[in-house]
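Listed here are the chains, written in short residue letters.
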Amino acid sequence: MDEELDDPSFEPDDGHGSKKKAGFKPSSMVSIQPCEDLQRYTVDKFHSSTRSKTVLFEKIDLAAYKSSAKVASFLTSEERLPLWIKTFMIRYFSHLNTMGYRVTWQEQESYSCPTKSDKIILHIYDVENSNEDQLVTISIFISTGRIMIQGKKFAEWSRDKFPTLLSIVNDLEHVNSSSHNASLFVMALPNFFFKMSRQ
């Protein structure tokens, strides 16, 4: 999968078939524990780019990409991005990891500030059987507010999972954002993933 499909910091092909980063060499993705201090994932203002495909604000249009790309994405705001990250962190990394799935959390450290993150990638695997089956990859581009879903179950995630996550983020916006109320984050979690991984 090409996690950098819509990363606006990548320039077009350099003439040798590879993309190059504009202006600096990025740090590599590193598997780490997510940071509970959401300041790591905040930005004052997103960067904009004319090179990225136009997508909707907190809505998914499955026709925005070719179906063969197996990609969906949406945008969020500077204020709501930490709420999305918190939702992914608690719902997937903390809870789904204990339910017959493996979730990895990778981050790319910010070039300009080592206490900040530029990108987060979550890989979600079904490990109930002896073979790991990767379901989706979720990429969060912190500097642009773009959240991208890729993989063989991207369409099911977009139709069945996204509305639940959006509801959680909306609820978080209206309650104390430091809430760790498990019932909020795990709403419909086991049934959905059981259904998705067996389809």
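Report follows, based on the coordinates. (Residues numbered from 1 in each chain as written. Predicted model: local features only at pLDDT ≥ 70, side-chain atom pairs only at ≥ 80, totals over all residues. Heavy atoms only, no water.)

1. Structural notes on the pairing of strand β4 (residues 117-126)
Counting buried positions along β4 yields nine of 10 residues, so the element is predominantly enclosed. Examined bridge by bridge, strand β3 (residues 101-109) and β4 share nine bridges and lie antiparallel to one another. Across the sheet, Y101 pairs through a bridge with D126, a residue of β4. Connecting β4 to the next strand, strand β5 (residues 133-141), in antiparallel fashion are six residues. (Buried < 20%, exposed > 50% of the residue type's maximum accessible area, 1.4 Å probe, protein only. Helix = DSSP H or I, 4+ residues; strand = E, 2+ residues; numbered from the N terminus. Pairing = 2+ DSSP bridges.)

2. A few points about the side chain of H123
With respect to the secondary-structure elements, H123 resides in strand β4. Reaching out from H123, the side chain makes a polar contact with the side chain of Q106 at a distance of 3.4 Å. Looking at H123, its side chain comes within polar contact range of the side chain of Q134, at 3.1 Å. (Polar contact = N/O pair within 3.5 Å; in protein donor to acceptor, adjacent residues only side chain to side chain.)

3. Focus on the sheet that holds β5
An order of β1-β3-β4-β5-β6-β2 is seen for the six strands of this open sheet, with the pairing classed as antiparallel. The open sheet terminates on both sides in strands that have one partner only, identified here as β1 (29-31) and β2 (71-75). With direction set aside, neighbouring strand axes in the sheet form an average angle of 20°. Note: β5 against strand β6 (residues 146-150), five bridges, orientation antiparallel. For S139, the partnering residue across the bridge sits in β6 and is M148. Strands in contact with helix α1 (residues 81-95) are β2, β3, β4, β5 and β6; relative to β3, the strand with the most contacts, it is inclined by about 145°. (Axes fitted to C-alpha atoms, helices over the stretch in contact; angles between N-to-C directions. Contact = heavy atoms within 4.5 Å.)

4. A closer look at unusual backbone geometry
In this model, E58 sits at a positive phi of 50°, which is unusual for a non-glycine residue. Note that E58 resides in the loop between β1 and β2. Overall, the relative accessible area of 7% leaves E58 in the buried class.

5. Some details on the packing of α1 against helix α2 (residues 154-174)
Working note: a packed helix pair is described by the angle between its axes plus the distance between those axes. The interhelical angle for the contact between α1 and α2, taken along N-to-C directions, is 115°, at an axis separation of 10 Å. One finds that α1 runs roughly perpendicular with respect to α2. Crossing hand, α1 versus α2: right-handed. Here L83, W84, K86, T87, F88, R91 and Y92 of α1 lie close against α2, whose contacting residues are W157, K161, F162, T164, L165, L166, I168, V169, L172 and E173. Looking at the contact of α1 with α2 residue by residue, the classes come out as 11 nonpolar, two polar and four charged. (Parallel < 35°, antiparallel > 145°, perpendicular 65-115°, else oblique. Left-handed = near helix turned anticlockwise from the far one by under 90°. Nonpolar A, V, L, I, M, F, W, Y, C, P; charged D, E, K, R; others polar.)

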